[in-house]
Amino acid sequence: MIFELWKQIRKKQIAPVYLLFGAETFFINETKQLLMKHVLEEDESDFNLSSYDLEETPIEVVLEDAETLPFLGERRLIFLHNPVFLTAEKTKEKVEHNLARLEAYLKEPAPFSVLVFTAPYEKLDERKKITKELKRTAALFEAKKLSQTELKQWIFERAESQQVQITDAAAERMIELVGANLFMLVGEMDKLTLYATESKFIDEHLVEKLVSKSLEQNIFTLIDKIVNRNVEGALRIYYDLLKQNEEPLKILAMIVGQFRLIYQVKELARRGYGQQQMATFLKVHPYRVKLAAGQARSFSDEELTHMMRMLADADYQMKTGGMNKEMLIEMFLLQLNTRK
């Protein structure tokens, strides 16, 4: 778990080798920043911090650096990017790597160097000897999308690191408004903690007051109005989005995507899937599945099919220039009370 790894780094329990892999680059970047802060002193970066692209540099060059004593400091910190030799990808490599040399280093790493492999790949090739050896010897973290529970825990951790308390309801509301985009959540958390400098406390009311709604959240709210056949409310949100210079094609694409998800969730529920199973199968965040499952209960199969047909027609008209783009979505919203 990333939080346990971060706690160890903050306590300066530093491993000689790290392997950070996965598609959630936010966590890889955060861990790199944390290592820079706790491995090196402020004035050591110029001398003892190195970064290598393994698509350009042979691994043996990196290891020579790792085995060189640090200059005016206790440790070297070395980042190794794009270790494509850990994957099953077929690439025409520009350099050849002496992986036997790396395997030997992993058995006895230099005590004064910290090697950090950053691999932004969803999967590593578990069949390769070097992958097995690295996973066996390195401090390991898979940077993957967080579940709803993990996302809340991350918000609590972030608040605690800034010496601020946030309520459970406030954390949930943050996720509802911003979604699972960690880069956006960081910005909103920084805004909230700055506002709460004196009180050191963040509640749901403060979140509602200060946190900006993401486009995704506005779309979710719009879809909620659509689900409830609230034409006036849906039009109001739609006009607000247009005032924010959001493209009608993008708005329609997100509406279509959410209704496609509603349709898929309804079908998977019929087959006996649980919400966590749906999230895994559809490769979406569990929170989105939870929303879609609630919305799916508002439609019969015939109504949902009719809605999908109207959206498909609007999409076709928009992409072929059959009618004014803004008007197409407006007409779709005006037909919400048309049930089939």
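Above this text sits the structure in question.
Residues numbered from 1 in each chain as written. Predicted model: local features only at pLDDT ≥ 70, side-chain atom pairs only at ≥ 80, totals over all residues. Heavy atoms only, no water.

Chemist: Explain the overall build of the protein to me, please; I cannot follow it from the model alone.
Modeler: On a plain count of helices and strands, the protein comes out with 17 helices and 7 strands. The C-alpha extent of the protein, read off along each of the three principal axes, is 75 × 55 × 40 Å. Expressed as a percentage of its 340 residues, the buried residues of the protein come to 47%. If you take every contact in the protein between residues at least 6 apart in sequence, the share linking residues at least 24 apart comes to 75%. A total accessible area of about 18,200 Å² is found for the protein, and carbon and sulfur atoms account for 49% of it. Averaged over its 47 positive side-chain charges, the protein has a centre that lies 6 Å from the centre of its 52 negative ones. (Helix = DSSP H or I, 4+ residues; strand = E, 2+ residues; numbered from the N terminus. Buried < 20%, exposed > 50% of the residue type's maximum accessible area, 1.4 Å probe, protein only. Contact = heavy atoms within 4.5 Å. Areas by Shrake-Rupley, 256 points an atom, 1.4 Å probe, with all protein chains shown as cover. Lys, Arg positive; Asp, Glu negative; His and termini not counted. Charge placed at Lys NZ, Arg CZ, Asp CG, Glu CD.)

Chemist: Any chance you could explain the packing of helix α16 (residues 301-320) against helix α17 (residues 325-334) here in plain terms?
Modeler: Two measures define how a pair of helices packs: the angle their axes make with one another and the distance between the axes. Running from N to C, α16 and α17 cross one another at 170°; their axes reach a closest spacing of 10 Å. Taken together, the axis directions place α16 and α17 in an arrangement best described as roughly antiparallel. Contacts between α16 and α17 involve M307, M310, L311, A314, Q317 and M318 from the first element and K325, L328, I329 and F332 from the second. (Axes fitted to C-alpha atoms, helices over the stretch in contact; angles between N-to-C directions. Parallel < 35°, antiparallel > 145°, perpendicular 65-115°, else oblique.)

Chemist: Any chance you could explain the layout of surface pockets here in plain terms?
Modeler: Using a probe with the size of a water molecule, rolled over the atoms, empty space left in the structure can be pinpointed. Estimated volume of the largest pocket: approximately 1,100 Å³. If you trace the largest pocket, you find 36 residues lining it, with K145, A279, K283, V284 and H285 closest to the centre. Elements with a contribution of two residues or more to the lining of the largest pocket: α8 (168-178), α11 (215-227), α13 (248-270), α14 (275-282) and α15 (286-296). Broken down by class, the residue content of the lining of the largest pocket amounts to 16 nonpolar, 9 polar and 11 charged. (1 Å grid on protein atoms, 1.4 Å probe; cavity = no way out; pocket = protein on both sides within 12 Å on 5 of 7 lines; lining within 4 Å. Points joined across faces, edges and corners; volume = space filled by probe spheres on them. Nonpolar A, V, L, I, M, F, W, Y, C, P; charged D, E, K, R; others polar.)

Chemist: What should I look at first to understand the pairing of strand β1 (residues 17-21) in this one?
Modeler: Two faces make up the sheet, and in a regular strand the side chains alternate between them. Burial analysis of β1 places 5 of its 5 residues in the buried class, the great majority of the element. Both faces of β1 are covered, namely the face carrying V17, L19 and F21 and the face carrying Y18 and L20. Across 5 bridges, the pairing between β1 and strand β4 (residues 113-119) is parallel. Bridged to Y18 within β4 is V116. (Pairing = 2+ DSSP bridges.)

Chemist: What should I look at first to understand the packing of helix α5 (residues 99-107) against helix α6 (residues 129-137) in this one?
Modeler: Between α5 and α6, the least distance of the axes is 10 Å, while the angle of their chain directions is 20°. When the axes of α5 and α6 are compared, the pair comes out roughly parallel. Regarding α5 and α6, the two cross each other, and that crossing is left-handed. Only K129, I130, E133, L134 and T137 of α6 make contact with α5, whose side of the interface consists of L99, L102, E103, L106 and K107. A breakdown of the residues in the contact of α5 with α6 according to their chemical character gives 5 nonpolar, 1 polar and 4 charged. (Left-handed = near helix turned anticlockwise from the far one by under 90°.)

Chemist: Help me understand the nonpolar core in this model?
Modeler: Soluble globular proteins tend to bury their nonpolar side chains together. Core analysis: the biggest nonpolar cluster contains 46 residues, and Y18, F27, W154 and I202 have the highest contact counts within it. If sequence neighbours within four positions are ignored, Y18 has contacts with L5, I9, Q13, L35, V114, L115, V116, F117, A138 and A139. With 40 residues, the next largest nonpolar core counts L222, L235, Y238 and A314 among its residues. (Core = buried A, V, L, I, M, F, W, Y, C linked by side-chain atoms within 4.5 Å.)

Chemist: Would you mind going over the pattern of salt bridges with me for this structure?
Modeler: Side chains that differ in charge, positive against negative, can pair when their charged atoms come close. Per the stated rule, a full pass over the model turns up 17 salt bridges. Residue K135 is joined to E126 by a salt bridge in which the shortest nitrogen-to-oxygen separation is 2.8 Å. For K135, a relative accessible area of 25% puts it in the partly exposed group. Taking relative accessible area as the criterion, E126 reaches 42% and is therefore assigned partly exposed. A salt bridge links R136 to E133; the shortest N-O distance between them is 2.7 Å. (Salt bridge = Lys/Arg side-chain N within 4 Å of Asp/Glu carboxyl O.)

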